[in-house]
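# Understanding the architecture of this molecule
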Amino acid sequence: MNTADETITPVDPFDGSGAQYTFRGLARGDDGELLVLGTDGTLRVLDESGALQTTIDVIDAWDVPEEWQAPQPAVIALDGMAYVTEPATGEIHIVDYVGGEVWKSAEVGFTMNEIVGVTG
C-alpha cells in the first residue's frame, strides 16, 4: 500500500501453491515485515515491497474452518520473534523470523484460539 499515491498492490505470498490464510495468520514484524502463516503450516516473511524473504516450516498443515470463530492457528510478532499457535496439538511455537527457524516449542495444555502479547 502506498499512501502517498493512494495505491494498493496485491501480493500472492503463496506463489500459486494453493495454500490459504486467515486473518489470524497475519502479523507485522518489528521492521515492517509481513508475516503470513499458510494452511500448509509455513510462515512466510515478506519485506515491505511484498517480496518473499524467507519461508519457515512451523506447524502441520491445517484447513480453514467453516466457522470463522473456530480454533485455528494464529500468529503475532513481538520483540523480533513470531508466536504461532497450533490448536490441533495444543502447542505454541516461538519463531525467529529473521533467522529463519523455530526457536522453541511448548505444550500449553489446552486448545488455543487467539493470542495476544505485551511487553513490559
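Up top is the structure these notes are about.
The shown structure was predicted, so the numbers you read here are calculated from the model rather than taken from an experiment. Along each chain, residue indices are assigned from 1 in the same order as the chain's sequence is written. A pLDDT threshold of at least 70 governs which residues receive local features in this predicted model, and a stricter bar of 80 or more applies before side-chain atom pairs are shown or counted, although totals over entire chains, interfaces and linings include all residues. Side-chain descriptors were evaluated using all non-hydrogen atoms of the structure, hydrogens and water having been removed beforehand.

### Regarding the pairing of strand β3 (residues 42-46)
Side chains on a regular strand alternate between the two faces of the sheet. The buried label goes to any residue with under 20% of its type's maximum accessible area, the exposed label to any with over 50%, and the partly exposed label to all in between, with areas taken from a 1.4 Å probe on protein chains only. Helix and strand definitions follow DSSP, with helices as H or I runs of at least four residues and strands as E runs of at least two, each counted in order from the N terminus. For β3, a buried count of five out of five residues is recorded, marking the element as mostly surrounded by other parts of the structure. Neither face of β3 is open: one carries T42, R44 and L46, the other L43 and V45, and all of them are buried. By definition, two strands form a pair when at least two bridges between them are found by DSSP. Once strand β2 (residues 34-37) ends, the chain turns through four residues before running back antiparallel as β3, passing G41 with a positive phi of about 85°. Bridge analysis of β3 against strand β4 (residues 52-57) gives five bridges, and the strand direction is antiparallel. Across the sheet, the residue bridging to R44 is T55, located in β4. Here β3 folds back onto β4, and the loop between the two strands holds five residues, one of which, G50, carries a positive phi near 95°.

### Here's the deal with the sheet that holds strand β7 (residues 91-96)
Read from one edge of the open sheet, four strands run β5-β6-β7-β8, paired in antiparallel fashion. Pairing within the sheet leaves two strands with one partner each, and these edge strands are β5 (75-78) and β8 (101-107). Neighbour-to-neighbour, the strand axes of the sheet open up by a mean angle of 20°, direction not taken into account. As paired strands, β7 and β8 are joined by six bridges and run antiparallel to one another. The residue bridging I94 from the neighbouring strand is K104, located in β8. Geometry is summarised by axes, namely lines fitted to C-alpha atoms with helices restricted to the contacting stretch, and by angles between N-to-C directions that run from 0 to 180 degrees.

### Notes on the environment of L52
Among the secondary structure elements, L52 is positioned in strand β4. L52 sits in the partly exposed class, given a relative accessible area of 47%. As for L52 and V11, which are separated by 41 residues in sequence, their C-alpha atoms are 9.8 Å apart. Contacts were defined at the residue level, with two residues in contact if any of their heavy atoms lie within 4.5 Å. Sequence-distant contacts of L52, that is, excluding residues within four places in its chain, are made with R44, V45 and L46.

### Examining the environment of I92
Relative to the assigned elements, I92 resides in strand β7. Between the C-alpha atom of I92 and that of A51, which follows or precedes it by 41 residues, the distance is 27 Å. If we ignore the near neighbours within four places in the chain, the residues touching I92 are Y83, V84, K104, S105, A106, V108, M112 and I115.

### Quick look at the sheet that holds strand β1 (residues 26-28)
The four strands are arranged β1-β2-β3-β4 in an open sheet whose pairing can be described as antiparallel. Two strands close off the open sheet at either side, each with one partner strand: β1 and β4. Sheet twist, expressed as the average angle between the axes of neighbouring strands with direction ignored, equals 20°.

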